[in-house]
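Observations on chain architecture
What follows is the residue order along each chain.
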Amino acid sequence: MSVVNHNFDNIVCIVQARMGSNRLPGKILADISGKPMLGHVIAQVKAASTIKRIVVATSDNYLDDSIIKYCASIGVECFRGSELDVLDRYYQAARFYNANPIVRITGDCPLIDPSVIDTVVKSFFESGCDYATNTLRYTYPDGLDTEVFSFEALARAWKEANKQSDREHVTPYIRTSDIFSVYNVENEVDLSSRNLRWTVDEESDLDFVRSVCDNLTDCSPILMNDILGLLDQKPDLLNSNSGAIMNEGYYKSLYSQAIAKAAPRLCLDQSEKWFARSNKTIPGSSQTFSKGYTQYVQGVSPVFLKSGAGCLVWDVDGNEYIDYVQGLLPNILGYANHEVNLAVTQQIAEGHSFSLPHPLEIELAEQLVDLVPCAEMVRFGKNGSDATSGAVRAARAFTGRDRIACCGYHGWQDWYVGTTTRNSGVPEVVQSLTQKFDYNDLDSLSTLLEKHPGEFAAVIMEPVNFVEPDPGYLEGVKELTQLHGALLIFDEICSGFHFGLGGAQKFYGVIPDLACFGKAMGNGFPISCILGKAEVMTVFEEIFFSFTMGGEIASIAAALKVIDILKTTDALETIKSNGKKLQDGLNVMSSEAGLQDCIKCVGHPSWSLIRFSDIADCESAVIRTLFIQELNKRGILSLGAHNMSTSHGNAHIEQTLHTYANVLKTISGWLNETQPESFLEGPIIRPVFQAR
Ligand SMILES: Cc1ncc(COP(=O)(O)O)c(C=O)c1O
């Protein structure tokens, strides 16, 4: 849908305001430095040079008579409409005032910055989009939310949106239905990680805004930079509520409107047929344990996929899913990314498994040396296990020692898998050489290293997975490792790229001797690498780390393209901000469902995990299986992690949140029954082994 003939003259800012807030009733007229909150909002909006007219849209509830009275006292126009169908209220107000475009501001943002409003309005006109905002990806503080949209877009949403949450929150349909062209305005400095919360939902928010206004009496209007400057001077002003969840009210309303009901089963006839066939020729019916039927709900979940595009996959029966597994993490740009596929097919057309090395190997090595702090030299492999096993061999050769201390999951090779319960086939003597230590527990590592002084070649660990390192932990590990004369290897097969192109080592500022990257490097094409200090890496001239496909060039071409895209676009930021919406949404709705003790999303937003815990009458594995069962039936493919890709767009996130709401409400009801297991439609999913 495209929009023409916009005219600055018809621009109307509609400020929505009502007395009946759920959390802080009457907040809209609460006193802030001698003036009601709504008065601050109006004064700030008036200072925007692009705003010609301001209308307060309130409800026809008698409680809102006081808003009408207040607006009359300061000479601001008011419009009254439906209390709960706010989309209708906006539409009727926009029609009445012949508004086009409409600027939407909510009355609980007294620190709204007029210059931010102007920026979003100008971007709306310049981009020619249907909807411009600064909220699709949060780079501004919460509370500077500005949305600008055409009357045509509003009218279409008004006609078509039928979910209660879409009507209550006005713009979700415009933002997420994929019908409209949307444009996001980003702040020059991404402030998202500071969790600045300048909106008013709770009493503590009001306290914060009052202190800001009391401290900035000379500023009229108050601009974002004034407040940032004030916070630099007086950091203690940061309200106790910063870090609270953005858009919490929206997630709550999604949950309140959700329906508790088991979803119907999908037709999986073709999956079952292929499964029966695969049993005869492929032990375990899969090449990877985590992709196998035992990791899903047998009879309910698909067993075979046939195609994928972006974040979507289709199973052999034609069922469509939003995929949060993404091939077990590699597809950071989604399935069948056009640019990566083009780079690969161009390379294939020129040959890709050569008899001598190819210059692209050097180009990729140089790129990685530039990006990853520990990297001075690089060797390539295909699987993550190639890299971790190569790094372990290099450490043994370099130190002349045999023992390995490990923490996390590191792949299928003997040296590691011997530490797990799936150690069958691994000689005991090999098993005894690798020992585990606990994450975020320096004593556990130090006790292990002290048990065999001078015998450890390396400490290998995932620097981060779904638990973030405690302050000083990674530094402590490095110190202990050095003290014991061992090498520190960071297994960044998962954290690599999801935590930034420099990996977790750059993110946390702790540089290991060696590191391993894989998975996301090739967006699904097989490529991994060991990188590290030249002094250590030169042992690769002596040790045997050599295999036919090590320098296969199509995957190296893929990796170069992936790096190029991640370097030159905001892909990683998009992943993080969409991942945060899922994480926040799930956690808010899980609490609403009373399930906060057993279903909680943890970890970094770019790669988070839904953690299931035992509760009094139900073990976690049952809850997890019920969750995956209900997600799969509703078209979400999940193993309980958010393996985010750039192709998970607003509409997919929105659909997932709606699905989470329905699934959580359904499971919440089942957990109140005496036998929650009776709602299982297949066997309980058991992990292959517990590594993390
Ligand atoms: C942290 C980590 N290291 C190593 C590996 C092994 O990688 P691959 O399965 O590609 O051999 C994995 C695989 O999941 C992993 O998550």
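We now turn to the structure provided with this report. This is a predicted model, so every value here is computed, not measured. (Residues numbered from 1 in each chain as written. Predicted model: local features only at pLDDT ≥ 70, side-chain atom pairs only at ≥ 80, totals over all residues.)

**Quick notes on the sheet that holds strand 8 (residues 147–149)**
Within a sheet, each strand pairs with its neighbour through backbone hydrogen bonds, oriented either parallel or antiparallel. To keep things clear, this is the line we draw: Paired strands are those between which DSSP finds at least two bridges. Secondary structure elements follow DSSP: runs of H or I no shorter than four residues count as helices, runs of E no shorter than two count as strands, and numbering proceeds from the N terminus. Only the stretch in contact is used when fitting a helix axis, every axis being a line fitted to C-alpha atoms; angles between N-to-C directions are given from 0 to 180 degrees. Any pair of residues counts as being in contact when their C-beta atoms, constructed from backbone geometry, are within 7 Å of one another.
The mixed open sheet is built from seven strands, whose spatial order is 5-4-1-6-8-7-9. The open sheet has two edge strands, strand 5 (77–81) and strand 9 (182–184), and neither has a second partner. Put simply, the sheet's adjacent strands are angled 25 degrees from each other on average, direction ignored. Helix 2 (residues 65–74) contacts strand 4 (53–59) and strand 5 of the sheet and is inclined by roughly 160 degrees relative to strand 4. Each of strand 6 (102–106), strand 7 (131–133), strand 8 and strand 9 is contacted by helix 4 (residues 114–127), which is oriented at about 150 degrees to strand 7, the strand it contacts most.

**Digging into the site of the ligand**
We count it as follows: Any residue qualifies as near a molecule or strand once its backbone-derived C-beta atom lies within 6 Å of it. Ten residue types, Ala, Val, Leu, Ile, Met, Phe, Trp, Tyr, Cys and Pro, are classed as nonpolar, four, Asp, Glu, Lys and Arg, as charged, and the remainder, Gly among them, as polar.
The ligand sits among 14 residues. The nearest are N383, G384, S385, G411 and I493. The leading source of residues in the shell around the ligand is helix 14 (residues 384–399), at three residues. When the residues that make up the shell around the ligand are grouped by side-chain class, the tally is four nonpolar, eight polar and two charged.

**Considerations on the pairing of strand 6**
The test is simple: Exposed residues have 12 or fewer other C-beta atoms within 10 Å of their own C-beta, buried residues have 20 or more, and partly exposed residues fall in between, where C-beta atoms are placed from the backbone.
Counting buried residues in strand 6 gives five out of five residues, a clear majority hidden from the surface. What you see with strand 6 is no split at all: I102, R104 and T106 on one side and V103 and I105 on the other are buried throughout. For strand 1 (residues 12–16) and strand 6, the ladder comprises five bridges, and the chain directions are parallel. Of the residues in strand 6, the one forming a bridge with V15 is I105. Relative to strand 8, strand 6 is paired through three bridges, and the arrangement is antiparallel. Residue pairing across strands places V103 opposite V148, the latter belonging to strand 8.

**Points about the pairing of strand 1**
For strand 1, the buried fraction is high: five of the five residues fall into the buried class. Every second residue of strand 1 is oriented toward a common face, with V12, I14 and Q16 on one face and C13 and V15 on the other, all of them buried. Pairing of strand 1 with strand 4, which is carried by five bridges, proceeds in the parallel orientation. Across the sheet, the residue bridging to V15 is V56, located in strand 4.

**Some details on the environment of T674**
By the secondary structure assignment, T674 is in the segment after helix 25 (650–671). On the basis of neighbour count, T674 is assigned to the exposed category, with 6 C-beta atoms found within 10 Å. Distance in space between the C-alpha atoms of T674 and C618 is 9.5 Å, their sequence separation being 56 residues.

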